[in-house]
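What the coordinates show
If you want the building blocks of each chain, they are given just below.
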Amino acid sequence: MRLMSKIPLPPAPGAGHTSLALANSTVILPGGHIVDELDSPENATQWLVSHHLVPEETALLAYCQNQLATLRGNLRSILAARADSSVPELRALEGVNQALTKVPSAPLLRYEPQVGLHRAPQHPVTQLVEHAMAQIAEDAASLLTGDQAGLIARCEATPCNRFLLRTHARRYWCSTRCGDRVRAARAYARKQGPDRAG
Ligand SMILES: [Zn+2]
């Protein structure tokens with residue numbers, strides 16, 4: 001099977017929210033194949049660039065890739081809790097809050113023999129990524145507390161695990177592809193006769 005690093009589905013309704021888009025940057029496809037758009041530093045960079053969260057010349061290191069993937073895990077956990085009207089994990093809330101409050105830090109005081117004491121920023125890429133993560137966390141915090149919070153739902157086409165905003169009442173799936181798959185399965189079950197329909 002060809003490994004994919006790009007999810008072969010259109011963005012889910014609500015994916016204009018960067019927090020929802022990040023949560024949906026991994027998906028389980030029919031057959032159980034998992035696609036992860038953050039599976040390498042290069043792909044994580046590409047994800048941030050394509051969502052206009054870092055400039056194109058940015059190159060993430062594995063450390064930043066991991067940070068972003070951790071934020072995604074925390075967002076998925078909170079979105080799932082919101083969709084199910086259950087209590088969110090404290091650890092996930094703390095993770096999002098950490099991203100939310102991580103503003104680019106002041107240039108640090110450093111010493112080098114040739115230059116003497118001077119100030120220099122932390123690794124600039126780390127700062128760019130922290131800034132991007134703060135924006136995503138900000139988006140999550142306003143989505144989860146805003147008018148649309150009640151619309152947060154999971155795609156009902158198993159095994160798809162994407163989130164969506166139920167922007168109209170009869171929307172149950174993240175994409176027409178997922179909807180078609182469920183309808184086809186139901187039609188097939190009906191054809192098998194009432195005994196076996198499930
Ligand atoms: Zn779906």
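Scroll up for the structure.
Reading the values: rules and limits
Residues numbered from 1 in each chain as written. Predicted model: local features only at pLDDT ≥ 70, side-chain atom pairs only at ≥ 80, totals over all residues. Heavy atoms only, no water. Donors = N, O, S within 2.8 Å, 3.2 Å for Na, K, Ca; no water. Tetrahedral: all angles 85-135°; square planar, octahedral: opposite > 155°, others 65-115°. Helix = DSSP H or I, 4+ residues; strand = E, 2+ residues; numbered from the N terminus. Axes fitted to C-alpha atoms, helices over the stretch in contact; angles between N-to-C directions. Parallel < 35°, antiparallel > 145°, perpendicular 65-115°, else oblique. Left-handed = near helix turned anticlockwise from the far one by under 90°. Contact = heavy atoms within 4.5 Å. Nonpolar A, V, L, I, M, F, W, Y, C, P; charged D, E, K, R; others polar. Core = buried A, V, L, I, M, F, W, Y, C linked by side-chain atoms within 4.5 Å. Buried < 20%, exposed > 50% of the residue type's maximum accessible area, 1.4 Å probe, protein only. Pairing = 2+ DSSP bridges. Expected span 1.5 Å × (residues − 1).

**Looking at the coordination of the zinc ion**
Cys155 (SG), Cys160 (SG), Cys174 (SG) and Cys178 (SG) make up the full set of protein donors to the zinc ion, lying at 2.3 to 2.4 Å. Taken together, the 4 donor atoms coordinating the zinc ion span angles of 106 to 118° at the metal, a pattern that classifies the geometry as tetrahedral. Donor residues for the zinc ion sit on one chain with the sequence pattern C-x4-C-x13-C-x3-C. Of the two residues, cysteine 160 is situated in the loop between β5 (152–154) and β6 (163–165) and cysteine 178 in helix α6 (residues 176–191); the sequence distance between them amounts to 18 residues.

**Some remarks on the packing of helix α3 (residues 62–83) against helix α4 (residues 90–101)**
Two elements in contact, α3 and α4, have axes whose closest approach is 9 Å; the angle formed by their N-to-C orientations is 130°. Taken together, the axis directions place α3 and α4 in an arrangement best described as oblique. Judged by the sense of rotation from one axis to the other, the crossing of α3 with α4 is left-handed. Of α4, the residues touching α3 (which contributes Leu71, Asn74, Leu75, Ser77 and Ile78) are Arg91, Ala92, Leu93, Gly95, Val96 and Ala99. For the contact of α3 with α4, the per-class residue count stands at 7 nonpolar, 3 polar and 1 charged.

**Brief notes about the nonpolar core**
Leu22, Trp47, Leu48, Leu68, Leu71 and Ile136 are the most contacted members of the largest nonpolar core, which has 25 residues in total. At the level of elements, α1 (18–23), α2 (41–50), α3, α4 and α5 (124–145) are the ones that each hand at least two residues to this core. Excluding its chain neighbours within four sequence positions, the residues that come into contact with leucine 71 are Leu22, Val96, Ala99, Met133 and Ile136. Membership of the second largest hydrophobic core comes to 15 residues, among which are Ala12, Val35, Cys174 and Cys178.

**Structural notes on the pairing of strand β3 (residues 108–112)**
Bridging between β3 and strand β4 (residues 116–120) involves 5 bridges; their strand directions are antiparallel. Counterpart to arginine 110 in the pairing with β4 is histidine 118.

**Regarding α4**
In a regular helix each residue adds 1.5 Å, so 12 residues correspond to 16 Å; α4 covers 16 Å between its end C-alpha atoms and thus fits that length. The elements touched by buried residues of α4 are α3 and α5.

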